[in-house]
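# A look at the structure
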2 protein chains.
Amino acid sequence: MSPRRVIGIDTGGTKLLGGVVDEALAVRDRVHRLWRGGGRREVLDLMVDAVEEARAAAPDVAAVGFGIPALVDTATGAAGFSVHLPLEGVRFRELMEERLALPVYVDNDSNAAMLAEHRAGAARGALHAAMLTLGTGIGGGLVLGGRLYRGAHGGAAELGHVVVDIDGPPCQGGCPGRGCLEVMASGTAIGREGAAAAEREPDSALGKELRAGREITGALVTELAHDGDDTARGVLELIGERLGVGITSIVNALNPEVVVIGGGAIAGGELLLEPARRVVAERALAPSRDQVRIVPAHFGDEAGMLGAAIMALEEGQV
Amino acid sequence: MSPRRVIGIDTGGTKLLGGVVDEALAVRDRVHRLWRGGGRREVLDLMVDAVEEARAAAPDVAAVGFGIPALVDTATGAAGFSVHLPLEGVRFRELMEERLALPVYVDNDSNAAMLAEHRAGAARGALHAAMLTLGTGIGGGLVLGGRLYRGAHGGAAELGHVVVDIDGPPCQGGCPGRGCLEVMASGTAIGREGAAAAEREPDSALGKELRAGREITGALVTELAHDGDDTARGVLELIGERLGVGITSIVNALNPEVVVIGGGAIAGGELLLEPARRVVAERALAPSRDQVRIVPAHFGDEAGMLGAAIMALEEGQV
């Protein structure tokens, strides 16, 4: 009998990434799709299409795991609240099992990323871990007592919506809150604070880009910060400090062994992590603050796909 | 064989409360002590003395449970960081078992209170629950997946040190943080905001008390609020709203079924809880915000003692 292989599919707000994954977590036969708009039917069709492409390369796969940008009731596999894709109310597992004629496992995409980091990445070996994925928004994942923690109805680990500023700006992406970590410290926030800093300091490299008509994104700020622009570095320091305040709450509430920072904005690396660690060291309670490691994610863009595959490999017992 | 009985001992920062507790959680033979100052030895002697008094009335007790105001390593029963009593570094369980010649169970006092509310109080039947005890400070407890959650090394559930204001005032009681829920919404904060409101509104009932030379405490503000003074009510509303911001973070991070509010300051009742619930309804994520009940504690001052007894009744398998 050949080793067990599965398909992992990660669906974000803009694209789909999939692959055939074996028990050693080696990935082959990657598939990519971009959403072409459309409604629920088009989105589901594209997912099925991606699975079938991977399956054509590996007909022996035993199951499929999906990470989707929605609340998921893991008891039923139904999708709840979703900002980015029209999946709310879809009986996802049932429907996909029918269309694919394979066992299907499904969870929130951030939970899937946390799972990959826990089983084989930066949180490997930890019983208690948190993950923040900094992108357009901030996703979260929790492993508590060695297992993914989902709360009463799958709504837990929305760590991007831990409040850091009671009087902060309105949050984004369908969140009714104010001053949530997401609006204060996401990749989007890096771009917004970067634009403000470029206005204030027109002679900085960042300011020159603005004057040249470039859009000030989180990625551009990060690039200029790595190139040594003090203004851009100051923006990452500010964001890193805010991140540290959010992590302080997580550390005091949950005493994790490790907090993993992933997502596109972790391209800032130590320019974000150093100020975050400093704030936690200054503001969190001893001894929890001394017990936590704050580290970058091990898996980049593939964490969600790998985590989805791990769900399938572990047959949902995650 | 007679039913199993144990002694529960709750030690706060100012006093000790104990009792003999049976499997139906009926309490008899209560004992009280006030700390008379002194060091570690005097504190431990007073605890032993209280246990012996209860035991004289019920010589058949099978075990003793302690809730102590310290971090506790439940694997070893050793006390860690403690603000209120000189217990740091004491091998508490070992030492007490030697002095009492009985099995001893020990945990943090807030964990003990959460346990009592979970097993027989306001969080009964919930798999996922949080508790905040509003007093001089704010203690916290978590039940996740049906069991007390302690984190990696017993430091979890410090929910009073979830940050609500990134630029808030320095925290209290040995916490190096700023803008923690504890400094914003504890009983102490009610008194402090009450004093400020009394200054601002000298013709209010609260203002008149200040002019008469009375100290504006949380208890006085709460009493005048219940008597109908709008200024005092405004203070409880402000504190309740801040409490709601802290609960918003807990709801988004953990998706609990119930958040229990206890401690002396819950004397404010609905005058605190109504604004807290309103803020959670406005600011937390759906559907978690609609799934959580925010309720007053069922057990008053006796929650910690009962929880300590439950630890002993359940032989530490909490």
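Residues numbered from 1 in each chain as written. Chains lettered and ligands numbered in written order. Predicted model: local features only at pLDDT ≥ 70, side-chain atom pairs only at ≥ 80, totals over all residues. Heavy atoms only, no water.

## Considerations on the relation of the copies chain B and chain A
Selection rule: Least-squares superposition aligns the copies on the C-alpha atoms of those residues with pLDDT at or above 70 in both. Contact criterion: two residues are considered in contact whenever any of their non-hydrogen atoms come within 4.5 Å of each other.
Between chain B and chain A, which share one sequence, the superposing operator has a rotation angle of 180° and an axial displacement of 0.0 Å; the RMSD is 0.0 Å. Here the copies are linked by what is in effect a two-fold axis. For chain B, the smallest separation between a C-alpha atom and the rotation axis is recorded for Asp165 of chain B, amounting to 2.3 Å. The residues that chain B uses at the interface reappear at the interface of chain A in 100% of cases, marking a shared surface.

## What to know about the domain arrangement of chain A
Residues and elements named next belong to chain A. Using the following cut-off: These domain limits were set by an automatic method or by a database of domain assignments. Once two parts are put together, the accessible area they lose, assessed with a 1.4 Å probe and summed over both, is termed the buried area. Every case where a carboxyl oxygen of Asp or Glu lies within 4 Å of a side-chain nitrogen of Lys or Arg is listed as a salt bridge. Polar contact is defined as a pair of N or O atoms within 3.5 Å, subject to the rule that within protein one atom must be able to donate a hydrogen and the other to accept it, and that residues adjacent in sequence are counted only when both atoms are side-chain atoms. Residue polarity follows a fixed list, in which Ala, Val, Leu, Ile, Met, Phe, Trp, Tyr, Cys and Pro are nonpolar, Asp, Glu, Lys and Arg are charged, and the others, Gly among them, are polar.
According to the domain assignment, chain A contains domain 1 (5-109 + 302-313) and domain 2 (122-296). Residue-level contacts link six residues of domain 1 with seven residues of domain 2. Summed over both sides, the interface between domain 1 and domain 2 buries roughly 520 Å², with carbon and sulfur atoms accounting for 53% of that surface. Considering only the side of domain 1, the residues that lose the most area to domain 2 are Leu71, Val83 and Asp107, jointly responsible for 52% of the buried surface there. Applying the counting rule to domain 1 against domain 2 returns one salt bridge. A salt bridge links Asp107 to Arg150; the shortest N-O distance between them is 2.6 Å. At the boundary of domain 1 with domain 2, the tally comes to one residue pair in polar contact (both at pLDDT 80 or more). Broken down by class, the residue content of the side of domain 1 that touches domain 2 amounts to four nonpolar, one polar and one charged.

## Focus: the pairing of strand β1 (residues 5-11) of chain A
All names here are of chain A. Operational definition: When a residue's accessible area, from a 1.4 Å probe over protein chains only, is under 20% of the maximum for its type it is buried; when over 50% it is exposed; and in between it is partly exposed. Strands are runs of DSSP state E lasting at least 2 residues, helices are runs of H or I lasting at least 4, and numbering of each runs from the N terminus. Pairing between two strands requires that DSSP report at least two bridges joining them.
β1 sits mainly inside the fold: seven of its seven residues count as buried. Judged by which residues are buried, β1 turns out to be covered on both faces: Arg5, Ile7, Ile9 and Thr11 on one side and Val6, Gly8 and Asp10 on the other are all buried. Pairing of β1 with strand β2 (residues 15-22), which is carried by seven bridges, proceeds in the antiparallel orientation. From the neighbouring strand, Val6 faces β2, where its bridge partner is Val21. Between the antiparallel neighbours β1 and β2 lie three residues. Looking at chain direction, β1 and strand β4 (residues 64-68) are connected through four bridges and run parallel. Bridge pairing in β4 places Asp10 opposite Gly67.

## Description of the environment of Ala157 of chain B
With respect to the helices and strands, the residue Ala157 of chain B is situated in the loop between β10 (147-148) and α4 (181-185). Spatially, the C-alpha atom of Ala157 of chain B lies 30 Å from that of Ile216 of chain B, the residues being 59 residues apart in sequence. Apart from the residues lying within four places of it in its own chain, the contact partners of Ala157 of chain B are Asn252, Ala253 and Leu254 of chain A together with Asn111, Gly140, Gly141, Leu142 and Tyr149 of chain B.

## Some details on the interface of chain B and chain A
Taken together, the contact between chain B and chain A spans 45 residues of the former and 45 residues of the latter. Both faces considered, chain B and chain A share a buried interface measuring about 3,500 Å² in area, 62% of it formed by carbon and sulfur atoms. Three residues stand out in chain B for area buried against chain A, namely Ile166, Arg283 and Leu285 of chain B, and they jointly supply 19% of the buried area on that side. Taken together, chain B and chain A are joined by zero salt bridges. Along the contact surface separating chain B from chain A lie 27 residue pairs in polar contact (both at pLDDT 80 or more). Elements that contribute at least two residues to the side of chain B that touches chain A include exactly β9 (138-144), α8 (230-254), α9 (270-283) and α10 (288-291) of chain B. Along the lines of polarity and charge, the residues of the side of chain B that touches chain A split into 23 nonpolar, 13 polar and nine charged.

## Let's talk about the packing of aromatic side chains
Residue and element names in this part refer to chain A. The line we're drawing: Two aromatic rings, drawn from Phe, Tyr or Trp (for Trp, its six-membered ring), form a pair once their centres lie within 6.5 Å of each other, and the interplanar angle then sorts them: stacked below 30 degrees, edge-to-face above 60, tilted otherwise.
Per the stated rule, a full pass over the model turns up two aromatic pairs over all chains. Ring geometry for Phe66 versus Phe92: centroids 5.0 Å apart, planes at 80°, classification edge-to-face. Within this pair, whereas Phe66 is found in strand β4, its partner Phe92 is found in helix α2 (residues 92-100), the two being separated by 26 residues in sequence. A residue is classified by how much of its surface remains accessible, and Phe66, at 0% relative accessible area, is buried.

## Re the environment of Asp167 of chain B
All names here are of chain B. Along the chain, Asp167 turns up in the loop between β10 and α4. According to the relative accessible area criterion, Asp167 is exposed, its value standing at 65%. With 100 residues separating them in the primary sequence, Asp167 and Gly67 have C-alpha atoms 33 Å apart.

## Comments concerning the environment of Gly240 of chain A
When you line up the elements, Gly240 of chain A lands in helix α8 (residues 230-254). As for Gly240 of chain A and Ala185 of chain A, which are separated by 55 residues in sequence, their C-alpha atoms are 7.4 Å apart.

## Concerning the sheet that holds β4 of chain A
Residue and element names in this part refer to chain A. Worth spelling out the cut-off: Where helices are involved, their axes are fitted lines through C-alpha atoms of the stretch in contact, as for all axes, and angles between N-to-C directions lie from 0 to 180°.
The sheet built from five strands is open, its strands ordered β3-β2-β1-β4-β7 with mixed pairing. Each having just a single partner strand, β3 (27-34) and β7 (104-108) make up the two edges of the open sheet. Along the sheet, successive strands turn relative to each other by an average axial angle of 15°, direction set aside. Two elements, β4 and β7, share five bridges in a ladder whose sense is parallel. Counted as the bridge partner of Gly65 is Tyr105 from β7. Lying on the sheet, helix α3 (residues 109-120) is in contact with β1, β4 and β7; it crosses β7 at an angle near 100°. In this fold helix α11 (residues 303-313) packs onto β1, β2, β3, β4 and β7, with an angle of close to 140° to the strand it touches most, β1.

## Some words on the packing of helix α7 (residues 218-226) of chain B against α8 of chain B
All names here are of chain B. Quick reminder of the rule: Crossings are classed by handedness, with left-handed meaning an anticlockwise turn of the near helix from the far one by less than a right angle and right-handed meaning a clockwise turn.
At a closest axis distance of 7 Å, the pairing of α7 and α8 adopts a crossing angle of 120°. Handedness of the crossing formed by α7 with α8: left-handed. The segment α7 lies against α8, with Val221, Thr222, Leu224, Ala225 and His226 engaging Ala232, Arg233, Val235 and Leu236. Here the contact of α7 with α8 is built from residues that sort into six nonpolar, two polar and one charged.

## A few points about α3 of chain A
Residues and elements named next belong to chain A. Under the convention used in this document: Every helix has an expected span of 1.5 Å times one less than the residues it contains.
Taking 1.5 Å as the rise per residue, α3 with 12 residues should run 16 Å; its terminal C-alpha atoms sit 17 Å apart, in good agreement. Counting buried positions over the 12 residues of α3 gives 11, a clear majority of the element. Residues Asp109, Ser110, Asn111, Ala112, Ala113, Met114, Leu115, Ala116, Glu117, His118 and Ala120 constitute the buried set of α3. Of the residues flanking the start of α3, the one acting as N-cap is Asn108, its side-chain oxygen 2.9 Å from the backbone nitrogen of Ser110.

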